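Residue-level structure breakdown
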Amino acid sequence: MKHIFYFILLLLIALLSCKGQNTTPMEHKYTNALVNETSPYLLQHAHNPVNWHPWNEETLNKAKTENKLMLISIGYAACHWCHVMEHESFEDSLVAQVMNSNFINIKVDREERPDVDQVYMNAVQLMTGSGGWPLNVIALPDGRPVWGGTYFKKEQWINALEQISKLFEEQPKKLYDYANKLTEGIKSIDIVNLNTDTPVFEKSYIENAIGKWSKQFDQSFGGLNRAPKFMMPNNYHFLLRYAHQTNNKELMDFVNLTLTKMAYGGIFDHIGGGFSRYSVDTKWHIPHFEKMLYDNAQLVSLYSDAYLLTKNDLYKEVIMETLDYIKEEMTNSEGAFYSSLDADSNTPEGILEEGAFYVWTKDELESILKADIELFSDYFNINSYGLWEHNNYVLIRKDSNAHFVDKYQISEAELIKKRGQWKALLLEERNKRDKPRLDDKTLTSWNALMIKGYVDAYRVLDIKDYLASAEKNARFILEQQLREDGGLNHNYKNGTSSINGYLEDYATTIDAFLALYETTLDQKWLNASRDLANYAFDHFFDDHSNMFFFTSDKDPSLVSRSIEYRDNVIPGSNSIMAKNLFRLAHYFDNDHYSNVAMIMLNNVKPEMQEYPTGYSNWFDLMLNYTNPFYEVAVVGEEAKGKIFELNKTYIPNKLIAGSNKESKMPLLENRFTPEDTYIYVCVNKACKLPVTQVDQALKLIEK
């Protein structure tokens, strides 16, 4: 009893001695200006000894006023090598001393500021022939780049900084002369000239491009025959459509091979669902473990259309498991979607390692799965096929369910049941581990891609929760990201909407809202799409080229105002915009939209055959001109039901308009009758006789 009394007395003394003092759980030795930012990536660097500043007018003016070089370091929260360079260099006080003495140091989240990233990425690619993240650039006080690269080891980094600092101090003219030449090069990269040739879009042009493209196909594992291997969902969305419309079985087999191998590979999280960003090998085996919202959004759309066409249950599983992951890990209470999960997490020993959250040792699996370990090990290749490093295994599939049904003489239902049990056990165990860091900012463009994914999944699988998620997020964009002036903001975090939107925000949101309209027939989504397109014309359109700039005319000018038109892991914002205008032209009978879409495609056409993988979304638009494109108008009280039935068939060359009442919309005007629901199939403003049955309408539609 006496011991307890003394213990309580000591505790009270300790508490009283803390009164009035700072009792925060962790005091930081260093704090810089990033501490006031909301980006998780910037906040990761807020306590570096480097005197980091955010990218803003105040910082840029500081560099000019003090006539100091700017050191611009660009990355993102899920970037593994960004973390490595931070640990090796930016957390080092000696490195920080060199940086702080000679530079205005600026940290940029590339996802918040893709415009800044684009300019300096172009510069580094011109200087070095390649790029990536972390992206590190030294620029003159006026922002023009003079040197750059990606990841640097500590000694290389210090040496480079000291040399450039010395050159700027002793021979600044050399740097200014080089900056003049480099700036001209940057401005020339993304310039698009108006193509004055008459637009001619022919099937043979697309066929020749695919012939060249197919020489790069990996016929064993799908995708392109190279490593690292990115999923490039837009590539396979186009190839799926083209193979279907041309009855090209060989190409269709290749697309299905790619989708199957991606779903089997370690790049897909077989326990928690969702895809990693890319695989480091040619087999989709070992992922770079970061998970990005934009990949998963587009892959849901791709697998949805592939399932609609093939009815392959594997594709259905991928859709549902990916959306389970999005719901559980990437969605907030407002219905907004987070940006990414990091590749790195802590091991049980507290060491930050790539993939630590996702991999397993054989001993762990044996202790969890017990009697099922033999079947599990065979199914997910806990052998040399799935071995990664440090005796860790990545779960990888190699064979179909049918193979195991035959080999182990069990029913498919029993196998699927076992797989569900394995997943539940391993998920429970995995969730005890230290989770990867979450980038919880919300980006309008990526959220719009996810809306489209949910709408496509609902259209194909008829799961009501999917449509509810899409509508909730679309309302979030209208309520939180759409400004009173009709423009969009790009970023949202902690209840604050910020950063003037880029073309990608408008293009992807219009596309998502058009998909919502076709599914719900709610006119507000169609009208919102038109309004956003008109805003883009007012603030992004280039009258000389008939293309759209990536940044608004309301934004402060950068070294270059670029036009993003090449397709990458996300299609180029101009290619999405051109497809939007093509569709809006049909909905609103708007010749201006139609003409601009055609001119945009014609502008890009001279480049498309040289590098088809970088223009797949443009090729998809070209199919709308080389093949019949159908306007399907459904009018009457049963319009929604008829459209639901229509959507059971894969028809990529159509748009849907519909109403269960009178409408002034060009495709619907004067077509409503209370007695029956009619389906009008039209091509180039010429309509066939209306029919009342979906099977009759399908007979009027060619591929």
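Higher on the page you've got the structure.
Below, the structure is looked at part by part. All residue numbers refer to positions counted from 1 along the written sequence of the respective chain. Note on the predicted model: pLDDT of at least 70 is required for a residue's local features to be given, and 80 or more for side-chain atom pairs to be given and counted; whole-chain, interface and lining totals, by contrast, use all residues. As a rule here, side-chain values cover all heavy atoms of the structure and leave hydrogens and water aside.

**Focus: a negative patch on the surface**
- There is a patch of like negative charges on the surface, built from E637, E638, E675 and D676.
- With respect to the element layout, E638 can be found in the loop between β19 (630-635) and α25 (639-646). A residue counts toward a patch only above 30% relative accessible area and without a salt bridge, and it is joined to like-charged neighbours within 9 Å or, for Val, Leu, Ile, Met, Phe, Trp and Tyr, to nonpolar neighbours within 5 Å. Only the protein chains shown count as cover for residues, and all accessible areas are computed by the Shrake-Rupley method using a 1.4 Å probe. Any carboxyl oxygen of Asp or Glu within 4 Å of a side-chain nitrogen of Lys or Arg constitutes a salt bridge here. His is not counted here, nor are the chain ends, while Lys and Arg score as positive and Asp and Glu score as negative. Lys charges are placed at NZ, Arg charges at CZ, Asp charges at CG and Glu charges at CD. Numbering of helices and strands runs from the N terminus, with a helix taken as a DSSP run of H or I at least four residues long and a strand as a DSSP run of E at least two residues long.

**Considering the sheet that holds strand β5 (residues 145-149)**
- Strands pair, by our definition, only if DSSP identifies at least two bridges between them. Spatially, β1-β3-β2-β4-β5 is the arrangement adopted by the five strands of the open sheet, whose pairing is mixed. Of all the strands in the sheet, the pair left with one neighbour each is β1 (52-54) and β5. For this sheet, the mean angle separating the axes of adjacent strands, direction not counted, is 30°.
- Residue contacts are defined here by distance: any two heavy atoms, one from each residue, within 4.5 Å place the two residues in contact. Note on geometry: axes are C-alpha line fits, over the in-contact stretch for helices, and angles between N-to-C directions span 0 to 180 degrees. Across the face of the sheet, helix α7 (residues 154-170) comes into contact with β2 (69-75), β3 (103-109), β4 (135-139) and β5 while running at roughly 150° to β2.

**Observations concerning the environment of S101**
- Mapped onto the elements of the fold, S101 is located in helix α5 (residues 93-102).
- Residues S101 and S165, 64 residues apart in the sequence, show an inter-C-alpha distance of 9.6 Å.
- Polar contact is the term for a pair of N or O atoms within 3.5 Å; when the atoms are in protein, one must be able to donate a hydrogen and the other to accept it, and sequence-neighboring residues count only if both atoms are side-chain atoms. In this structure the side chain of S101 is engaged in a polar contact, spanning 2.7 Å, whose partner is the backbone oxygen of Q97.

**Notes on the sheet that holds strand β10 (residues 340-341)**
- Taking strand neighbours across the sheet as the criterion, the three strands line up as β9-β10-β13 in an open arrangement whose pairing is antiparallel. Both outer strands of the open sheet, β9 (291-292) and β13 (438-439), are each paired with one neighbouring strand and no more.
- Pairing geometry for β9 and β10, over two bridges, is antiparallel. Across the sheet, residue M292 finds its bridge partner in β10, namely S340.

**A look at the nonpolar core**
- Here, the term nonpolar core denotes a set of buried Ala, Val, Leu, Ile, Met, Phe, Trp, Tyr and Cys residues that are joined through side-chain atoms within 4.5 Å. Burial status follows relative accessibility: with a 1.4 Å probe on protein chains alone, a residue under 20% of its type maximum counts as buried, one over 50% as exposed, and anything between as partly exposed. Core analysis: the largest hydrophobic core is formed by 172 residues, its most contacted members being Y303, F548, Y587 and W618.
- When residues of this core are assigned to their parent elements, the largest contribution, eleven residues, is made by helix α18 (residues 444-461).
- Setting aside chain neighbours within four positions, we find Y587 in contact with L514, Y517, E518, L526, L655, I656, A657, M665, P666 and L667.

**Some thoughts on α5**
- Of the positions making up α5, those classed as buried are V95, A96, V98 and M99. Mapping the buried residues of α5 onto a view down its axis gives an arc of 160°, with all of them on the same face. Facing away from the buried side of α5, by more than 90 degrees, are the exposed residues L94 and Q97.
- Backbone nitrogen of L94 and a side-chain oxygen of the N-cap are separated by 2.9 Å at the start of α5; the cap is D92. Note that the arc is defined by the directions from the helix axis to the C-beta atoms.

**Comments concerning the side chain of E321**
- With respect to the helices, strands and loops of the structure, E321 is situated in helix α13 (residues 313-329).
- Although E321 lies buried, it forms no salt bridge, and the closest oppositely charged side chain, K423, sits 4.3 Å away as judged by the N-O distance.
- Apart from residues no more than four positions distant in its own chain, E321 is found in contact with F268, H270, G272, G273, G274 and K423.

**Section: the pairing of β4**
- With five of five residues buried, β4 lies mostly within the body of the structure.
- Here β4 shows a buried face lined by L135, V137 and A139 and a second buried face lined by N136 and I138.
- Judged from the five bridges that link them, β2 and β4 form a sheet pairing that is antiparallel. Looking at β4, one finds that S73 is bridged to N136.
- Pairing analysis gives four bridges linking β4 to β5, with the strands arranged antiparallel. Note that in β5 the partner of N136 across the bridge is G149.
- Between the antiparallel neighbours β4 and β5 lie five residues, among them G143 with a positive phi of about 95°.

**Some thoughts on the packing of α18 against helix α20 (residues 503-520)**
- Contact pair α18 / α20: the axes reach a minimum separation of 8 Å and the direction vectors enclose 20°. Between α18 and α20, the angle is such that the two are roughly parallel. When the axes of α18 and α20 are compared, the crossing they make is left-handed. Judged by residue contacts, T444, S445, A448, L449, I451, K452, V455 and Y458 of α18 engage E504, D505, T508, T509, D511, A512, A515, L516 and T519 from α20.
- Under the convention adopted here, Pro, Cys and the residues Ala, Val, Leu, Ile, Met, Phe, Trp and Tyr are nonpolar, Asp, Glu, Lys and Arg are charged, and Gly plus all remaining residues are polar. Grouping the amino acids of the contact of α18 with α20 by side-chain chemistry returns eight nonpolar, five polar and four charged. Note that the term roughly parallel is reserved for angles under 35 degrees, roughly antiparallel for angles over 145, roughly perpendicular for angles of 65 to 115, and oblique for everything else. Put simply, a crossing is left-handed when the front helix is turned counterclockwise from the back one by less than a right angle, and right-handed when it is turned clockwise.

**Considering the environment of H47**
- Mapped onto the elements of the fold, H47 is located in the loop between α2 (40-44) and β1.
- Among the residues examined, H47 registers a relative accessible area of 28% and is labelled partly exposed.
- A distance of 2.8 Å separates a polar side-chain atom of H47 from the backbone oxygen of Y30.
- Polar side-chain contacts of H47 include one of 3.1 Å to the side chain of T31.

**Some points on the packing of helix α23 (residues 591-608) against helix α24 (residues 616-626)**
- It is at 10 Å that the axes of α23 and α24 come closest, and there the two elements cross at 125°. Taken together, the axes of α23 and α24 are oblique relative to one another. When the axes of α23 and α24 are compared, the crossing they make is left-handed. In this structure, α23 contributes S594, A597, M598, M600, L601, V604, K605 and M608 to the contact, and α24 contributes W618, F619, L621, M622 and Y625.

**Comments concerning the pattern of salt bridges**
- Throughout the structure, instances matching the rule amount to 35 salt bridges.
- With its nearest N and O atoms 3.8 Å apart, the salt bridge here joins R566 to E607. Taken together, the positions of R566 in the loop between β18 (547-548) and α22 (573-588) and E607 in helix α23 put the pair 41 residues apart, joining distant regions of the chain.

**Regarding helix α17 (residues 412-430)**
- For α17, with 19 residues, the first-to-last C-alpha span of 26 Å sits near the 27 Å given by 1.5 Å per residue.
- Of all the residues in α17, the buried ones are L415, K418, R419, W422, L426 and R430. One side of α17 holds all its buried residues, which, seen down the axis, span an arc of 100°. What points out from α17, more than 90 degrees from its buried face, is the exposed set A413, K417 and E428.
- Contact partners of the buried residues in α17: α13, α14 (362-369), α15 (373-379) and α16 (401-408). One less than the number of residues in a helix, times 1.5 Å, gives the span that helix is expected to have.

**A word on the side chain of D456**
- Looking at where D456 falls in the secondary structure, it is placed in helix α18.
- Within the structure, the side chain of D456 is placed 3.1 Å from the side chain of R459, a separation counted as a polar contact.

**Overview of the state of the cysteines**
- Note on terminology: pairs of cysteine sulfur atoms within 2.5 Å are recorded as disulfides. Applying the stated criterion across every chain, the model contains two disulfides.
- Between the sulfur atoms of C79 and its disulfide mate C82 the distance is 2.3 Å. One disulfide, between C79 and C82, carries an S-S torsion of 80° and so falls in the right-handed class.
- Between the sulfur of C682 and that of C687 lies a disulfide, 2.0 Å long from S to S. In this structure the cystine formed by C682 and C687 twists about its S-S bond by roughly 100°; its chirality is therefore right-handed.
- On the basis of relative accessibility, which here comes to 1%, the residue C682 falls in the buried class.

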